[in-house]
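Listed here are the chains, written in short residue letters.
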Amino acid sequence: MLNSEPAVPDVPPARSDAGGSGAGGNPADPGSRKEPLSREERRRRRRATAKYRTAHATRERIRVEAFNVAFGELRRLLPTLPPDKKLSKIEILRLAICYISYLNHVLDV
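Calculation criteria
Each chain carries its own residue numbering, running from 1 in the direction its sequence is written. Confidence filtering applies because this is a predicted model: local features only for residues at pLDDT of at least 70, side-chain atom pairs given and counted only at 80 or more, and all residues used for totals across whole chains, interfaces and linings. Only hydrogens and water are removed before side-chain values are computed, so all heavy atoms of the structure are retained for them. Patch membership requires more than 30% relative accessible area and the absence of a salt bridge. Residues of like charge join within 9 Å; the nonpolar side chains Val, Leu, Ile, Met, Phe, Trp and Tyr join within 5 Å. Using the Shrake-Rupley algorithm and a 1.4 Å probe, accessible areas are obtained, with residue cover drawn only from the displayed protein chains. The term salt bridge refers to a side-chain nitrogen of Lys or Arg lying within 4 Å of a carboxyl oxygen of Asp or Glu. Counting rule applied: Lys, Arg positive; Asp, Glu negative; His and chain ends not counted. Here the site of a charge means atom NZ of a Lys, CZ of an Arg, CG of an Asp or CD of a Glu. Strands here mean DSSP runs of E at least two residues long; helices mean DSSP runs of H or I at least four residues long; both are numbered from the N terminus. We call a residue buried when its accessible area falls under 20% of the maximum for its residue type, exposed when it is over 50%, and partly exposed in between, using a 1.4 Å probe and counting protein chains only. Throughout, a residue-residue contact means that at least one pair of heavy atoms, one from each residue, lies within 4.5 Å. Angles shown run from 0 to 180 degrees and are taken between the N-to-C directions of axes, each axis being a line fitted to C-alpha atoms and, for helices, limited to the stretch in contact. What sets the label is the angle itself: under 35 degrees gives roughly parallel, over 145 gives roughly antiparallel, 65 to 115 gives roughly perpendicular, and the rest give oblique. The hand of a helix crossing depends on one turn: near helix anticlockwise from the far one by less than a right angle means left-handed, and clockwise means right-handed. Polar here means any residue other than Ala, Val, Leu, Ile, Met, Phe, Trp, Tyr, Cys and Pro, which are nonpolar, and Asp, Glu, Lys and Arg, which are charged; Gly is therefore polar.

A. Summary view of a positive patch on the surface. A grouping of Arg 39, Arg 42, Arg 43, Arg 46 and Arg 47 is seen on the molecular surface, where their side chains present a positively charged patch. Tracing the sequence through the fold places Arg 39 in helix α1 (residues 39–47). According to the relative accessible area criterion, Arg 39 is exposed, its value standing at 61%.

B. Highlighting the side chain of Arg 75. Looking at where Arg 75 falls in the secondary structure, it is placed in helix α2 (residues 50–77). Among buried Asp, Glu, Lys and Arg side chains, Arg 75 stands out as unpaired, with Asp 84 the closest opposite charge at 6.6 Å. Non-local contacts of Arg 75, meaning those with residues more than four positions away in its chain, are made with Thr 80, Pro 82, Pro 83, Asp 84, Lys 85, Leu 87 and Ile 92.

C. Quick look at the packing of α2 against helix α3 (residues 89–108). The geometry of α2 relative to α3 is characterised by a closest axis approach of 10 Å and an angle of 45° between their N-to-C directions. Taken as axis vectors, α2 and α3 run oblique relative to one another. Of the two elements, α2 crosses α3, and the hand of that crossing is left-handed. For the pair formed by α2 and α3, the contact residues are Phe 67, Asn 68, Phe 71, Leu 74, Arg 75 and Leu 77 on the first element and Lys 89, Ile 92, Leu 93, Ala 96 and Tyr 99 on the second. For the contact of α2 with α3, the class distribution of residues is eight nonpolar, one polar and two charged.

Shown next as structure tokens:
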């Protein structure tokens, strides 16, 4: 280097603990930090647990199931030939829009 100063990484100085054990200063080891964690870091760590992931997956499964039930109910209200024709969700929505427009037209006439 051309610079006479030694290269020092941009790492904040380690905080020494009162007990003097010296185990709390490695910035590469997040478990050894002594300063309080930020809200985002606490949230990230909480979401990393197996219990949280399992609960989240269960909630998502229930949400998707309710979503699919609602599409099934809407599908049963729409007239198609044949009546048991399998439709995608976008087809169900488009057919519902057309059917509602048709019913509005019938009421207006």
